[in-house]
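Chain by chain, the residues:
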Amino acid sequence: MANAEVGDDVLGDDPTVQRLESMIAEMCGKEAGLFVPSGTMSNAVALKTHTVPGDEIVTERYSHIYLYEGGGYAALCGSSIALPEGVNGLLTPELVQHAIRKQSGSQSHYPDGSLVCVENTANRGGGTCYEQDVLDAIAEVSKAKNCSTHIDGARIFNASVATNTSLTRMTQNYDSVSICLSKGLGAPVGSVLVGSEEFIEQAHRWRKMFGGGMRQSGILAAAGIYALENNIQRMEEDHRRAKTIAQAIDEMDHVSVDADAVQTNMVYFSANDYSASEVSQKMAQAGIDMFDISPTHCRIVTHLHITDQDVQNVIDTLSALG
Ligand SMILES: Cc1ncc(COP(=O)(O)O)c(C=O)c1O
């Protein structure tokens with residue numbers, strides 16, 4: 001990062017940012033990319049680019065776009081939202097097809113469903129991955145109803161590694177993809193939004209208006225490039241460690257986990273005798289950080305700083321809760 005060659009990305013001449021954007025665009029088989037400060041801004045810029053006020057966005061009931069982005073779809077896009085509930089955060093083509101409403105033919109009773117978003121991996125689903133044929137079929141029903149398609153791929157590399165599918169194949173039928181550098185990839189800051197040249201040109205305008213243009217951001221992009229070159233395949237280790245924790249929990253009587261939903265780097269679990277906030281407090285006393293994500297469930301995430309020894313520590317501490 002300290003040695004990064006920088007320019008001024010607001011003026012479009014930071015070579016390190018340009019390199020990062022084209023690396024990710026190429027990995028996804030898309031024409032162009034746009035570096036933004038966060039996954040939330042990347043999704044916000046994408047939604048804004050795809051929609052006009054009065055449109056409706058279709059996304060899963062527990063998606064990040066709906067739950068955790070400050071209502072940006074409403075405040076920034078003026079869109080309404082349709083929220084079919086999938087299984088473990090994953091939509092099906094049937095759910096999407098039924099959820100898309102069109103102004104046309106409804107005597108203008110309905111908003112105009114114009115964008116379908118899927119999240120891969122699905123965070124609140126447990127870090128679950130879409131099967132490729134499901135992703136393709138969702139894109140197909142969306143296109144048939146004249147909707148654009150967006151992947152919130154904050155953790156798409158986890159999905160790619162877990163399903164052994166290239167990003168190009170995974171995202172082939174989608175118009176845009178948002179990818180976080182600062183999650184499993186381990187870079188400190190940033191996300192990249194990819195799509196067609198035309199889409200990214202329009203997205204660039206919204207990034208500007210949202211205040212997301214950064215000047216000597218090659219310093220940050222350099223960490224993203226490092227992550228792409230070094231930290232993708234190692235995610236297998238995170239997935240293995242998450243599964244080890246899930247298997248251990250599965251064998252304990254006082255805590256429960258849906259082991260099938262543990263497909264990547266997350267473990268959602270609940271404890272019989274404690275609320276999730278009590279569990280996370282007790283774990284914090286042992287130096288283990290985790291979220292209580294609902295009144296009943298905690299979320300453990302494995303990442304590049306978590307070792308086998310840490311995993312054993314988590315298992316021992318959870319075991320002692322009983
Ligand atoms: C699925 C998903 N999308 C988007 C985001 C937003 O990323 P950021 O925290 O960089 O805004 C997150 C963050 O956890 C996420 O889990």
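Residues numbered from 1 in each chain as written. Predicted model: local features only at pLDDT ≥ 70, side-chain atom pairs only at ≥ 80, totals over all residues.

### Regarding the overall build of the chain
So, step 1. When helices and strands are counted, the chain shows 13 helices and 11 strands.
So, step 2. Whereas a compact globule of 322 residues would reach a radius of gyration of roughly 20 Å, the chain reaches 20 Å, a difference of no more than 12%.
So, step 3. Looking at the chain alone, contacts between residues at least 24 apart form 71% of all its contacts between residues at least 6 apart. (Helix = DSSP H or I, 4+ residues; strand = E, 2+ residues; numbered from the N terminus. Rg over C-alpha atoms; globule rule 2.2 N^0.38 Å. Contact = placed C-beta atoms within 7 Å.)

### Observations concerning the domain arrangement of the chain
So, step 1. Split into domains, the chain comes out as domain 1 (15–230) and domain 2 (235–319).
So, step 2. Between domain 1 and domain 2, the C-alpha centre-to-centre distance is 28 Å.
So, step 3. In this assembly, 15 residues from domain 1 lie in contact with 14 residues from domain 2. (Domains from an automatic or database assignment.)

### A word on the site of the ligand
So, step 1. Looking at the ligand, the residues that line it are Ser38, Gly39, Thr40, Asn43, His64, Glu119, Asn123, Asp152, Ala154, Cys180, Ser182 and Ser191.
So, step 2. Looking at which element gives the most residues to the shell around the ligand, the answer is helix H2 (residues 39–50), with 3 residues.
So, step 3. The residue makeup of the shell around the ligand, split by class, is 2 nonpolar, 8 polar and 2 charged. (Near = placed C-beta within 6 Å. Nonpolar A, V, L, I, M, F, W, Y, C, P; charged D, E, K, R; others polar.)

### Observations regarding the sheet that holds strand S11 (residues 297–301)
So, step 1. Strand order in the open sheet formed by 4 strands is S8-S9-S11-S10, and the pairing between neighbours is antiparallel. With one partner strand each, in any of the chains shown, strand S8 (255–257) and strand S10 (291–292) form the two edges of the open sheet.
So, step 2. Of the pairings in the sheet, the one linking strand S9 (residues 266–271) to S11 comprises 5 bridges and is antiparallel in character. Bridged to Tyr268 within S11 is Arg299.
So, step 3. Taken strand by strand, helix H11 (residues 235–250) contacts S8, S9 and S11, and its axis lies near 20° from that of S9. (Pairing = 2+ DSSP bridges. Axes fitted to C-alpha atoms, helices over the stretch in contact; angles between N-to-C directions.)

### Structural notes on the sheet that holds strand S1 (residues 32–36)
Neighbouring strands of a sheet are bound in pairs by backbone hydrogen bonds; such pairs are parallel or else antiparallel.
So, step 1. In spatial order, the strands read S1-S7-S6-S5-S4-S2-S3; together these 7 strands make up an open sheet with mixed pairing. Of all strands in the sheet, those with a lone pairing partner are S1 and strand S3 (80–82), marking the two edges. Pairs of neighbouring strands in the sheet enclose a mean axial angle of 25°, with direction left out of account.
So, step 2. Contacts between helix H6 (residues 132–144) and the sheet are confined to strand S4 (112–119) and strand S5 (148–153), with S4 contributing the most and set at about 170° to the helix.

### Examining the pairing of S4
So, step 1. Counted residue by residue, S4 has 8 buried out of 8 residues, so it is predominantly covered.
So, step 2. Pairing between strand S2 (residues 55–58) and S4: 4 bridges, direction parallel. Residue Glu56 lies in a different strand from S4, and its bridge partner there is Gly113.
So, step 3. Relative to S5, S4 runs parallel, the two being bridged by 5 bridges. Looking at S5, one finds that Glu119 is bridged to Asp152.
So, step 4. In this region the chain leaves S4, passes through H6 and returns to the parallel neighbour S5; the handedness of that crossover is right-handed. (Buried ≥ 20, exposed ≤ 12 C-beta atoms within 10 Å, placed from the backbone. Right-handed = clockwise from strand over helix to strand, strands pointing away.)

### What about the packing of H11 against helix H13 (residues 308–319)?
So, step 1. It is at 10 Å that the axes of H11 and H13 come closest, and there the two elements cross at 20°. As judged from the angle between their axes, H11 and H13 are roughly parallel. Remark: the crossing between H11 and H13 carries right-handed chirality. For the pair H11 and H13, the contacting residues are Arg241, Thr244, Ile245, Ala248 and Ile249 in the first and Asp308, Val311, Val314, Ile315 and Leu318 in the second. (Parallel < 35°, antiparallel > 145°, perpendicular 65-115°, else oblique. Left-handed = near helix turned anticlockwise from the far one by under 90°.)

### Digging into the environment of Asp55
So, step 1. Mapped onto the elements, Asp55 comes out in strand S2.
So, step 2. Judged by C-beta crowding, with 22 C-beta atoms within 10 Å, Asp55 ranks as buried.
So, step 3. Each C-alpha atom of the pair Asp55 and Asp112 lies 4.5 Å from the other, and the pair is 57 residues apart in sequence.
So, step 4. Beyond its immediate stretch of four places on either side in the chain, Asp55 contacts Ser79, Pro111, Asp112, Ser114 and Leu115.

### Comments concerning the pairing of S5
So, step 1. With 6 of its 6 residues buried, S5 lies for the most part within the structure.
So, step 2. What you see with S5 is no split at all: Ser148, His150 and Asp152 on one side and Thr149, Ile151 and Gly153 on the other are buried throughout.
So, step 3. Two strands pair when backbone bridges link them, and S5 and strand S6 (residues 176–180) are joined in this way by 4 bridges, in the parallel orientation. Counted as the bridge partner of Ile151 is Val177 from S6.

### So, the packing of H2 against helix H9 (residues 197–209)
So, step 1. For the pair H2 and H9, the least separation of the axes is 9 Å and the interaxial angle reads 115°. Along this stretch, H2 crosses H9, giving a crossing that reads as right-handed. Here H2 contributes Val45, Ala46, Lys48 and Thr49 to the contact with H9, which in turn contributes Phe199, Gln202, Ala203, Trp206 and Arg207.
So, step 2. Within the contact of H2 with H9, the residues separate by chemical class into 5 nonpolar, 2 polar and 2 charged.

### Observations regarding helix H12 (residues 276–285)
So, step 1. Taken together, the buried positions of H12 are occupied by Ala276, Val279 and Met283. End-on, the buried residues of H12 take up no more than an arc of 60°, which puts them together on one face. Exposed residues pointing more than 90 degrees away from the buried face of H12 are listed as Gln281, Ala284 and Gln285.
So, step 2. Of the surrounding secondary structure, the elements contacted by the buried residues of H12 are S9, S10, S11 and H13.
So, step 3. Trailing H12 by a residue or two, Gly287 shows a phi angle of about 80°, which is positive. (Arc of directions from axis to C-beta.)

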